[in-house]
Structure formats: structure tokens, C-alpha cells
Amino acid sequence: MNTVVDTKLIQALDSAHFLHPFTDFKDLNDRGARVITKAEGVYVWDSEGKRMLDAMSGLWCVNVGYGRKELADAAYQQMMALPYYNSFFQTTNVPAVQLAAKLASLAPKVGDRSFKHVFYSSSGSESNDSNVRMVRRYWDLLGQPERKVIISRNNAYHGSTMAGASLGGMSGMHAQGDLPIPNITHIEQPYYFENGKPGETAEEFGVRAAGWLEEKILAVGVDKVAAFIAEPVQGAGGVIIPPSTYWPEIQRIVDKYGILLISDEVICAFGRLGHWFGYEKFGYKPDLVTFAKGITSGYIPLGGVMVGNRVAEVLIEKGGEFNHGYTYSGHPVACAVALANIEIMEREHLVEGVRGELGAYFAKRYAELNAHPLVGAAETCGFVGGLVLVKNKQTKERFKEEDAVGMVCRAHCFNNGLIMRAVGDRMIIAPPLVMTHADIDALMDLIHMALDKTLVELKAKGLV
Ligand SMILES: *Cc1c(COP(=O)(O)O)cnc(C)c1O
């Protein structure tokens with residue numbers, strides 16, 4: 001495959017015709033997009049031949065790394081046998097069935113909750129739309145149609161469709177498009193560095209932060225609340241890792257009021273936290289689990305919802321026709337690639353690696369960043385890591401938004417061959433699960449270099 005391209009020509013066509021997601025179009029046209037042309041293992045290359053260590057796994061999805069011939073072969077073979085057929089009219093296809101059964105076998109039973117059923121979509125956003133539909137249908141069927149309110153959290157990310165963006169807690173997204181849609185409301189996120197009180201331990205804060213859910217349930221009215229939705233670890237919001245006390249207290253509260261719990265694991269499932277599903281890491285009991293991204297390592301779009309027995313039994317036994325679904329629900333090619341992807345993860349013990357020695361090594365090396373003068377707190381959970389850039393380590397004084405420190409640091413990362421993402425003043429990573437010890441060492445050298453260069457630039461600007 002020819003990966004040599006005329007960068008200027010592609011950039012000009014890009015500006016002329018391609019409106020990018022989450023992008024200031026005019027600003028991008030002025031600079032020209034970076035053209036990514038090939039990838040192998042944990043590295044990507046741009047059209048100028050520059051190699052970059054992709055510490056974001058694309059966009060949290062390329063869990064098995066790039067260049068996996070097996071996944072391409074699975075897609076090819078399935079396309080030749082049956083590239084597409086719908087599953088609307090009492091028909092099914094083999095990969096969709098096999099994948100559903102496989103997912104059911106991978107999702108651990110917790111307490112009285114088990115997962116035998118899957119509802120497919122093609123993305124995380126669509127899956128969360130499906131969640132809203134299923135949750136409301138569930139309460140309707142139980143004769144409690146007034147239970148419609150879904151509680152989420154500020155700074156959560158649940159996708160970009162009308163329902164996904166409404167469930168999400170991104171004020172910038174709400175501001176464009178009259179969101180949230182009715183009957184979705186938010187509580188504060190469990191971000192200890194920002195919301196912890198002086199003298200309060202992380203564990204004390206975790207219980208207090210979970211308490212905001214109970215306050216909200218009581219404020220809305222217990223008989224109006226349908227569900228609570230949350231990511232195990234908030235990803236796009238900046239890798240916000242909750243204190244250990246948070247999830248057990250959330251579980252106590254949802255149980256007390258009988259509301260459904262939706263775990264949005266579009267990032268956290270498929271090994272990201274060292275388990276097949278993120279709820280295992282924290283030991284809670286969701287009723288619905290959203291997945292996408294890592295299920296195919298991003299090689300082809302696929303998403304869906306693991307539907308727990310509590311919801312599935314009602315939808316199946318009392319439901320009649322469920323008036324919802326997608327042309328590509330259970331797409332045979334996407335499901336075939338997902339099966340091959342899971343096979344790779346099992347054969348190479350990638351999930352165990354993140355949970356075991358490799359993950360521990362990553363955590364240890366990443367924690368060393370806490371010694372850097374710009375770092376307020378650096379934390380990991382499995383194979384996600386986040387750090388907050390601070391003006392003053394001792395007082396925890398933060399930079400101003402207009403200082404755009406994250407963007408300064410991100411530019412130094414790119415320029416030195418590292419893809420690390422900036423979210424405000426947080427720098428975050430989610431490296432491929434196939435990272436070796438040597439890759440982790442290379443990653444840490446690059447992060448240190450970027451932080452050092454950022455410090456020099458901020459000093460020159462008089463910001464530190
Ligand atoms: C990425 C993401 C989504 C949205 O997925 P898309 O495939 O982009 O629609 C939803 N929830 C979480 C937690 C995500 O990280």
C-alpha cells in the first residue's frame with residue numbers, strides 16, 4: 001500500500017471538503033491538518049515521515065495495537081461470505097450470535113446480576129441512546145412510566161448524539177443545541193484534586209461525592225428517577241479516577257432507591273482497567289453496560305449494550321415489540337472483527353498483563369511524574385493515566401484557562417514524537433495494551449522531555 005502522499009494537496013482538499021468532529025473549522029484550515037498515513041504496533045507515522053508513539057491508542061480504542069493482519073483477514077473473509085444482512089425481520093447471522101455468546105461468557109456475574117444478552121449498535125453514542133430507550137421502556141413495562149429522569153455527572157462523556165451529549169456533562173456541548181434534552185440532570189464529578197476540601201482524605205471525599213447522588217434523587221423525587229449513568233473512570237473528562245470509597249457508596253444508594261445503574265464502559269472495558277469489564281475493577285453491579293471502541297480495537301465501528309438480567313427479563317417477558325434498532329445492529333463484519341480481536345487479547349493475555357506485572361510497572365513509572373515541578377498529581381488506573389499541570393506544587397495553585405498550558409504541553413509532545421492528549425490543564429494517556437516494558441520506558445522519557453520543555457516555555461512566558 002502506497003503511504004507516500006502529497007501533504008499540501010491532501011491538506012488543501014481536507015480544508016475544502018472535510019468538516020472534522022469537535023474542530024474549529026477555520027482554525028484548522030489555517031494550520032492544515034496533520035495527515036496520518038500508516039501505523040504499526042504502538043507507533044503512527046504522518047505524511048512527512050514523522051513517527052509518533054501513540055499513547056492514546058488512537059482515541060482510546062486500538063487496544064491490540066496497529067497492523068494486526070488477523071483482524072484484516074477476519075473482515076475480508078466475512079465480507080466474502082456475507083458482507084451484510086440485517087437482523088430486523090426474524091433473521092440473524094453467525095458472527096453476531098457468536099459474539100453475543102462470547103460477551104455473555106466474559107461479563108462476570110456480580111451479586112444477583114448476570115449478563116446474558118447484548119443489544120448491538122455501531123458506536124458508543126448510539127449505545128447510550130439505546131440505553132435511554134431501554135431504561136424508559138423498562139419502567140413503562142413495570143407500570144412506573146413517571147420514572148424518566150436519568151442522573152449523570154458534570155464533565156462526563158457519553159457521546160455526541162442528542163441523547164449522548166445530554167447524558168454527558170460537558171457544558172460546551174450543552175451550550176450548542178439546547179441540551180440536555182428533558183429529564184436528564186447532573187451531579188458533580190468525584191474529582192478529589194478539584195473538589196476535595198482542605199484536610200479531607202480522598203476516602204472521605206469519595207463518600208461525600210457519592211452522597212451528591214442521594215441528594216439529587218431526593219431533590220428530583222424518588223419515584224421519578226429511572227437510572228444513574230457513569231463511567232467507571234471518567235475518560236474524556238480528563239481521566240478522573242474516583243477514590244476507592246466512591247463506587248461502593250454509589251452502589252448502596254442505587255440499591256436503596258431501586259434505580260438502574262448504567263456503567264458506560266466504552267473506554268474502560270476490554271482490558272483498559274485490567275479486566276474485561278470496568279465494573280469488575282471496582283466491584284459494583286450495573287444493570288446495563290455500554291461498550292464500543294476497544295471491542296474491535298477500533299479497526300471497524302461496533303458498539304452495544306450488555307443488558308443485565310433485571311432489565312432483559314422485563315423486556316423479554318413483558319415487552320412485546322421493542323421499537324428501536326439500527327440498520328447495522330449486529331453487523332456481521334464488525335462482529336467477526338470483534339471476535340478475532342477478543343481472540344488476540346485472550347491468546348496474548350493482554351487483560352492479565354494490565355492487571356498484573358506490566359500494569360504495576362506502568363503505574364510505578366507513571367507515579368515518578370509526581371516529582372516533576374509542574375505536576376500537581378499523577379495517577380493511573382490500569383492502562384489510563386492522568387496528571388494535572390500546576391503553577392505551584394505546594395499550594396496546588398492551578399493555571400488560568402487562558403494560559404492554555406495543556407495545549408503548550410501537547411505541542412511539545414507532538415513535536416517530540418509523542419501523542420498525549422490535553423484536557424484543560426490535565427494531560428492524559430491510554431496506551432495500547434501491547435506496550436512492552438521498553439515501550440513504557442520510551443513513553444516515560446518522552447513525557448519527561450515534554451514536561452521539561454513545557455516548564456522552560458512557561459518560565460519564558462512568566463507563567464511560573
Ligand atoms: C467515546 C465515548 C463514547 C462515544 O462513543 P462514539 O463511538 O464516539 O459515539 C461514549 N461514552 C464514553 C465513555 C466514551 O469514551
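The structure presented is a predicted model; accordingly, all values stated were derived computationally and were not measured.

Participant: So what exactly am I meant to see when it comes to the site of the ligand here?
Facilitator: Looking at the ligand, the residues that line it are Ser-123, Gly-124, Ser-125, Asn-128, Tyr-157, His-158, Gly-159, Glu-231, Asp-264, Val-266, Ile-267 and Lys-293. Within the side chain of Asp-264, a nitrogen or oxygen atom sits 2.8 Å from a nitrogen atom of the ligand. The protein chains hide 83% of the 380 Å² of surface that the ligand would expose on its own. By residue number, the principal contributor to the shell around the ligand is helix α6 (residues 124–141), which donates 3 residues.

Participant: Help me out: how do you make sense of the packing of helix α5 (residues 94–106) against helix α14 (residues 332–347) in this one?
Facilitator: If you want to describe how two helices pack, look at the angle between their axes and the distance between the axes. Between α5 and α14, the least distance of the axes is 8 Å, while the angle of their chain directions is 40°. Here α14 runs oblique to α5, going by the angle between their axes. As for how α5 packs across α14, the hand of that crossing is left-handed. Contact with α5, carried on its side by Pro-95, Ala-96, Gln-98, Leu-99, Lys-102, Leu-103 and Leu-106, involves Pro-332, Cys-335, Ala-336, Ala-338, Leu-339, Ile-342 and Glu-346 of α14 and no other residues of that element.

Participant: Could you clarify how one ought to interpret helix α18 (residues 437–460) in this entry?
Facilitator: Given 3.6 residues to a turn, an α-helix orients residues that are three or four positions apart in the same direction. Compared with an ideal rise of 1.5 Å per residue, which puts 24 residues at 34 Å, α18 spans 35 Å between its outermost C-alpha atoms and is within 8% of the ideal. All of the buried residues in α18 are Asp-439, Ile-440, Leu-443, Met-444, Leu-446, Ile-447, Ala-450, Leu-451, Thr-454, Leu-455 and Leu-458. The first or second residue beyond α18 is Gly-462, which carries a positive phi of 75°.

Participant: So what exactly am I meant to see when it comes to the environment of Gly-67 here?
Facilitator: Inspection of the secondary structure assignment puts Gly-67 in the loop between α3 (57–60) and α4 (69–81). Taking relative accessible area as the criterion, Gly-67 reaches 46% and is therefore assigned partly exposed. Once the C-alpha coordinates of Gly-67 and Glu-40 are considered, the two residues, 27 residues apart in sequence, prove to be 5.0 Å apart. Not counting residues within four places of it along the chain, the set of residues in contact with Gly-67 comprises Ala-39, Glu-40 and Tyr-299.

Participant: Before we go on, may I ask you to explain the sheet that holds strand β14 (residues 418–419) in this structure?
Facilitator: Strand order in the open sheet formed by 4 strands is β1-β2-β3-β14, with mixed pairing between adjacent strands. Looking at strand neighbours, the two that pair on one side only are β1 (36–40) and β14, the edges of this open sheet. In terms of strand pairing, β1 meets strand β2 (residues 43–46) through 4 bridges, oriented antiparallel. Across the sheet, Lys-38 pairs through a bridge with Trp-45, a residue of β2. Contacts from α18 reach β2, β3 (51–54) and β14 within the one sheet, and its direction differs from that of β3 by about 105°.

Participant: Is there a simple way to think about the state of the cysteines in this case?
Facilitator: In protein structure, a disulfide is the covalent linkage between the sulfur atoms of two cysteines. If you walk through the whole model with that rule in mind, you get 0 disulfides. As a non-bridged cysteine, Cys-381 has Cys-268 as the owner of its nearest cysteine sulfur, 7.2 Å distant.

Participant: Sorry, what's going on with helix α1 (residues 7–17) here?
Facilitator: Taken together, the buried positions of α1 are occupied by Thr-7, Gln-11 and Asp-14. Around the axis of α1, the buried residues are gathered within 60° of arc, so they sit on the same side. Turned more than 90 degrees off the buried face of α1, the exposed positions are Lys-8, Ala-16 and His-17. The backbone nitrogen of Lys-8 has a side-chain oxygen 3.3 Å away, supplied by the residue at the start of α1, namely Asp-6.

Participant: Would you mind going over unusual backbone geometry with me for this structure?
Facilitator: Only a minority of non-glycine residues have a phi that is not negative, and only a minority of peptide bonds are not trans. Residue Pro-180 is reached from Leu-179 by a cis peptide bond, and omega for that bond is 0°. The phi dihedral of Trp-60 is positive, around 65°, even though this residue is not glycine. Among the secondary structure elements, Trp-60 is positioned in helix α3. By relative accessible area, Trp-60 is classed as buried at 2%. Notably, Lys-293 is not glycine yet its phi reads approximately 25°, a positive angle. Here Lys-293 shows up in the loop between β9 (288–291) and β10 (303–308). On the basis of relative accessible area, Lys-293 is assigned to the partly exposed category, the value being 23%.

Participant: For this particular structure, what's the right way to read the domain arrangement of the chain?
Facilitator: It is common to give the size of an interface as the accessible area that goes away when the parts come together. On domain assignment, one finds that the chain holds domain 1 (34–64 + 351–460) and domain 2 (73–347). Summarising the inter-unit geometry, the C-alpha centres of domain 1 and domain 2 are found 27 Å apart. With 31 residues of domain 1 at the contact, the number on the domain 2 side is 30 residues. Between domain 1 and domain 2, the buried area comes to about 2,500 Å², and carbon and sulfur atoms account for 64% of it. Considering only the surface of domain 1 that becomes buried against domain 2, Trp-60, Val-64 and Val-351 emerge as the three largest contributors, covering 27% of it. Note that Glu-194 and Arg-398 form a salt bridge whose closest N and O atoms lie 3.0 Å from each other. Counting every contact that joins domain 1 to domain 2 gives 13 residue pairs in polar contact (both at pLDDT 80 or more). At the level of elements, α3, α15 (350–355), β11 (375–381), β12 (384–392), β15 (421–423) and β16 (426–429) are the ones that each hand at least two residues to the side of domain 1 that touches domain 2. Partitioned by chemical class, the residues of the side of domain 1 that touches domain 2 number 18 nonpolar, 7 polar and 6 charged.

Participant: It is not clear to me how the nonpolar core should be interpreted in this structure. Could you clarify?
Facilitator: Counting 116 residues, the largest nonpolar core has Leu-99, Phe-228, Phe-270, Phe-277, Tyr-366 and Ile-447 as its most contacted members. Two domains each provide a minimum of three residues to this core, namely domain 1 (34–64 + 351–460) and domain 2 (73–347). Phe-119, Val-135, Leu-141 and Ala-163 belong to the second largest nonpolar core, which has 24 residues in total.

Participant: Teacher, can you tell me more about the packing of aromatic side chains here?
Facilitator: What describes a pair of aromatic rings is the distance from one ring centre to the other and the angle between the planes of the rings. Under the counting rule described, the total for this entry stands at 17 aromatic pairs. Judged by centre distance (5.9 Å) and plane angle (75°), the rings of Phe-119 and Phe-322 are edge-to-face. One end of the pair, Phe-119, is in strand β4 (residues 115–121); the other, Phe-322, is in the loop between α13 (309–318) and α14, with 203 residues separating them in the sequence. You can call Phe-119 buried: its relative accessible area is 18%. Considering the side-chain rings of Phe-270 and Phe-291, the 6.3 Å spacing of their centres and the 80° angle between planes classify their relative orientation as edge-to-face. A residue pair is termed long-range when its members are at least 10 positions apart, and Phe-270 in the loop between β8 (260–264) and α12 (278–282) and Phe-291 in strand β9 qualify at 21 residues. Across the pair, exposure class does not vary: Phe-270 and Phe-291 are buried alike. Through successive ring pairs, a cluster of aromatic residues spans Phe-115, Tyr-246, Trp-247, Phe-270, Trp-276, Phe-277, Tyr-279, Tyr-284 and Phe-291. In this structure, Arg-147 packs its charged tip against the face of Trp-139, placed 4.3 Å from the ring centre.

What counts, and at which threshold
Residues numbered from 1 in each chain as written. Predicted model: local features only at pLDDT ≥ 70, side-chain atom pairs only at ≥ 80, totals over all residues. Heavy atoms only, no water. Near = heavy atom within 4 Å. Polar contact = N/O pair within 3.5 Å; in protein donor to acceptor, adjacent residues only side chain to side chain. Areas by Shrake-Rupley, 256 points an atom, 1.4 Å probe, with all protein chains shown as cover. Helix = DSSP H or I, 4+ residues; strand = E, 2+ residues; numbered from the N terminus. Axes fitted to C-alpha atoms, helices over the stretch in contact; angles between N-to-C directions. Parallel < 35°, antiparallel > 145°, perpendicular 65-115°, else oblique. Left-handed = near helix turned anticlockwise from the far one by under 90°. Contact = heavy atoms within 4.5 Å. Expected span 1.5 Å × (residues − 1). Buried < 20%, exposed > 50% of the residue type's maximum accessible area, 1.4 Å probe, protein only. Pairing = 2+ DSSP bridges. Disulfide = S-S within 2.5 Å. Arc of directions from axis to C-beta. Domains from an automatic or database assignment. Buried area = accessible area lost by both parts, 1.4 Å probe. Salt bridge = Lys/Arg side-chain N within 4 Å of Asp/Glu carboxyl O. Nonpolar A, V, L, I, M, F, W, Y, C, P; charged D, E, K, R; others polar. Core = buried A, V, L, I, M, F, W, Y, C linked by side-chain atoms within 4.5 Å. Phe/Tyr/Trp six-rings, centres within 6.5 Å; stacked < 30°, edge-to-face > 60°. Lys NZ or Arg CZ within 6 Å of the ring centre and 35° of its normal.

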